[in-house]
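Residues per chain are reported as follows:
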Amino acid sequence: IITIVLSFICLKTFSQDIKFKAEKIDIENNGNNLIAINSETVIPEKNLEIKSEKVNYKKKEEILIFTKNVLFEDKINNLSVQSEKIKYEKLDDIIFSEGDTILDIKNKYNVESKNVYIDRNKQIIYGSDKTTIIDNEDNIIQLLDGFMFNINDEIIKSKNAFILDKNENKYLFE
């Protein structure tokens, strides 16, 4: 194990397309695994910025696992994700937020859910857990049996939904 202690210096040589700025970086497994502590990770080609207390980068698989106080920002889609654990599969361009998740989509939708997937290639966000969405007009949408949100069209699909609009009108869709 090689341990490198950095005073917030960017490590760019480990990967040409992923930049790590961290307090401490460990490189293991003949350079195929990187663990960064208190990291700011930038993936310029994907326009992603991630802050976390810990990141584990598996170079061969091109998978990054962020843990503890994770803020994952997708600058292209104006999307931010907060969670305690987020896995990013760089080759497939898929984000998975494990456990409690808060999303801000285009500064229009505040989403609270669990175990959420974001497929950046297909431009969809989806999950199977109960989800609450509050839009910027204070309408509350509760999706009871999972959901799929199209990022481009801003269309939400779900099997069961309860909506409470800003005027206190109630709607149930089954």
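Heads up: the structure comes first, above all this text.
Parameters at a glance
- Residues numbered from 1 in each chain as written.
- Predicted model: local features only at pLDDT ≥ 70, side-chain atom pairs only at ≥ 80, totals over all residues.
- Heavy atoms only, no water.
- Phe/Tyr/Trp six-rings, centres within 6.5 Å; stacked < 30°, edge-to-face > 60°.
- Buried < 20%, exposed > 50% of the residue type's maximum accessible area, 1.4 Å probe, protein only.
- Pairing = 2+ DSSP bridges.
- Helix = DSSP H or I, 4+ residues; strand = E, 2+ residues; numbered from the N terminus.

Visitor: Go over the packing of aromatic side chains, please, and point to the residues and values.
Guide: Summed over the entire model, instances satisfying the criterion amount to six aromatic pairs. Here the aromatic rings of F66 and F72 are separated by 6.0 Å at their centres, their planes lie at 85 degrees, and the arrangement is edge-to-face. Taking the relative accessible area as the measure of exposure, F66 reaches 0% and is therefore buried. When its relative accessible area of 1% is taken as the criterion, F72 is described as buried. One aromatic cluster in this structure is built from F66, F72 and Y88.

Visitor: Let's hear about the pairing of strand 15 (residues 170-173): which residues, and what values?
Guide: As judged from the four bridges shared by strand 14 (residues 161-164) and strand 15, these two strands associate in the antiparallel manner. Note that in strand 15 the partner of I163 across the bridge is Y171. Counted along the chain from strand 14 to the antiparallel partner strand 15, the turn is five residues long, and its residue E168 has a positive phi close to 70 degrees.

Visitor: Describe the pairing of strand 8 (residues 109-119), naming the residues involved and giving the relevant values.
Guide: When strand 7 (residues 94-105) meets strand 8, the two strands line up antiparallel, connected through 10 bridges. Considered in strand 8, the bridge of D104 is made with N110. Two successive antiparallel strands, strand 7 and strand 8, enclose a turn made up of three residues, where K106 displays a positive phi of approximately 55 degrees. With four bridges connecting them, strand 8 and strand 10 (residues 131-135) associate as antiparallel partners. Within strand 10, the position partnered with N110 by the bridge is I134. Both strand 8 and strand 9 (residues 124-127) contribute to a ladder of three bridges, which runs antiparallel. Looking at strand 9, one finds that D119 is bridged to I124. Taken together, strand 8 and the strand that follows it, strand 9, pair antiparallel across an intervening segment of four residues, in which Q123 is found at a positive phi of about 60 degrees.

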